[in-house]
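Here is how the chains run, residue by residue.
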Amino acid sequence: MPEEIAVPSGIVVPADEQPLVQAAVDEHVHRWQLLRELIEAGA
Amino acid sequence: MSVATASVTDAAERLAAHREGYGHVYDVLDVAAAARDARPGPLSGVPFAVKDLFDLAGRVTRSGSALTADDAPAARSAAVVRALEAAGAVAVGVTAMDEFAHGFTTINDHFGTCRNPHDPARIAGGSSGGSAAAVALGDVPVALGSDTNGSGRVPASLCGVVGLKPGYGVVSTEGMAPFAPGLDHVSWFTDTVERAEAVLDAVAPDTAAATHSPRVAAAGPQGWAGAEALAAVDAALGALGLLGSATVELPPLDRTLDASLLITAAEGAEVHHDRLRRDRARFGASARIGLTAGALLPAGALVTAERYRAVLRESYAALFESVDVLVLPTTPVVAPLIGEREVRLGDQGVRGREPSLGVFTAPFSLLGLPAVSVPIRRRRSSGAAHDGLPLGVQLAGASGSERTLLAVARMLVERCGADELGAEVA
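Criteria and thresholds
Residues numbered from 1 in each chain as written. Chains lettered and ligands numbered in written order. Predicted model: local features only at pLDDT ≥ 70, side-chain atom pairs only at ≥ 80, totals over all residues. Heavy atoms only, no water. Helix = DSSP H or I, 4+ residues; strand = E, 2+ residues; numbered from the N terminus. Polar contact = N/O pair within 3.5 Å; in protein donor to acceptor, adjacent residues only side chain to side chain. Contact = heavy atoms within 4.5 Å. Buried < 20%, exposed > 50% of the residue type's maximum accessible area, 1.4 Å probe, protein only. Phe/Tyr/Trp six-rings, centres within 6.5 Å; stacked < 30°, edge-to-face > 60°. pLDDT = per-residue confidence, 0-100.

Peer 1: How should I be thinking about the side chain of N108(B) in this particular structure?
Peer 2: Residues and elements named next belong to chain B. In this fold, N108 is placed in strand 4 (residues 107-108). One polar contact links the side chain of N108 to the main-chain carbonyl oxygen of M97, over a distance of 2.9 Å. Ignoring anything within four residues of it in the chain, the contact list for N108 reads Y26, G64, M97, D98 and E99.

Peer 1: In this structure, what is going on with the side chain of H28(A)? I would like to understand it.
Peer 2: Note that H28(A) resides in helix 1 (residues 18-40). Residue class for H28(A) comes out buried when judged on its relative accessible area of 8%. With residues near it in sequence (within four places) discarded, H28(A) still touches L261(B), L262(B), A265(B), A293(B) and L297(B).

Peer 1: Looking at this structure, I do not really get the packing of aromatic side chains. What am I missing?
Peer 2: Given two aromatic rings, one states the distance between the centres and the angle between the planes to describe the pair. Residues and elements named next belong to chain B. Inspection of the entire model under this criterion finds four aromatic pairs over all chains. Aromatic side chains F100 and F283 sit 5.6 Å apart centroid to centroid with 50 degrees between the ring planes, which places their arrangement in the tilted category. Of this pair, F100 sits in the loop between strand 3 (90-95) and strand 4 while F283 sits in the loop between helix 9 (273-279) and helix 10 (285-295), and the two are 183 residues apart along the sequence. The exposure class assigned to F283 is buried, which follows from its relative accessible area of 2%. With a centroid separation of 6.0 Å and 90 degrees between ring planes, the pair formed by Y316 and F364 is classed as edge-to-face.

Peer 1: Looking at this model, I keep getting lost on unusual backbone geometry. Mind explaining?
Peer 2: Leave glycine aside and you will find that most residues have negative phi; peptide bonds, for their part, are mostly trans. Residue and element names in this part refer to chain B. Each neighbour pair has its own omega, and for G126 with S127 the value is 5 degrees, a cis peptide bond. Secondary-structure assignment places S127 in the loop between strand 7 (119-123) and helix 4 (129-136). Here the amide bond leading from E354 into P355 is cis, since omega sits at 10 degrees, within 30 degrees of zero. Note on placement: P355 falls in helix 12 (residues 353-356). Despite not being glycine, S63 has its phi angle at roughly 55 degrees, a positive value. Note on placement: S63 falls in the loop between strand 2 (47-51) and helix 3 (79-86). At S213, a position not held by glycine, the phi torsion is positive, near 45 degrees. When you line up the elements, S213 lands in the loop between helix 6 (193-203) and strand 11 (216-220). Look at S213 and you get exposed, because its relative accessible area is 68%.

Peer 1: Help me understand the confidence of the model for chain A, please; the structure alone is not making it clear to me.
Peer 2: The predicted structure's coordinates, where accompanied by low pLDDT, should not be read in detail. Confidence along chain A averages 87 in pLDDT terms, with 81% of residues attaining 70 or more. Summarising per-element confidence for chain A, the mean pLDDT is lowest in strand 1 (residues 4-6) of chain A (64) and highest in helix 1 of chain A (96).

What follows is the structure, given as structure tokens:
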């Protein structure tokens, strides 16, 4: 695992914080998915 | 010393006296000159507190963060502060908040935790918790906050004070540090509904008059509400003679909150992008993780959230053709304990404390509609769970309905208000 990653916008995330950031992103992606399903179902 | 001057200096002394016990105020201002020079007006000599994200001339606006310590002092005060001062009110203190308004707790890694005046083991709510606590403690009758997903109304509910969020753009946000500019509203906390309207008179005098005989209805689904929130809504409906009447069904609250959180995350990351690049390690943990996640959000997520927001605008516009005021919980539960990370929500089971606290407030921020949280009396002698802790009921309406909401709020307080709660502070 790299010691740090730079996200596309140039923000650097240390390796030990990547899981927390990833979990927060995953929550958002889940929200996105649920909204897509609702809209596709004719919300 | 004039009565007005005494009122202002007394308020500053109360803020200072309560600061150590509750952590609700960052700075007590030197008010001697301001009190002496206070202008005559409808709010003459009324002391008010200001959330740490409003500019005050000559002071650095910290937004609850250590990252802002070296920012330049504000050249002039925020527009809403200037409007209050023009009406005679005097700023006396700067109140606690979640860092950059990112949160519903006012647990702040840099400045400590703001404690609930009704039980210091519990949160005051956030992100404007310090302002709500200052009013609940009786330090000041008015305190300014902001409301992006419920940051004004959530702490109003948990601290047992009136919390008004006018519609989007009704009150200028000039001089208010942004969190998510497309959702940010000025809000305020007051000791009474009448005082909330007096502030509205001062800062948005052109707001439309109240509708005569407004059509009021309960709003659901209320499955997200815990037993105490449902009881509070029932008390409000009973007072309004509406108990058992038809409930207006709202679009899914959880998906509405999802859209709000996605837009907030994207906009918040944009606002703080330069600081995240330059100084990321100096953010507190919650804001650091949350804002970074916002920066990593796929663009499609924002597109979808905005698309759903447009759907919701149409749904609520249709809904407000047949009703003027919706009655629903402000928060699903009473104030959680400071260390309590999960809350039990009606038929939704156990969920994370954040963002669940905002599930009932988010729709009205997302759509820029006015809403007010009204404290409902919960007697200590009832023997119920969380006896004596306050809880708010939310009234929400279409654009321009601020005064209609306040008229119904006045009725509610007269019939089942929380006038005893201020005296029950721990």
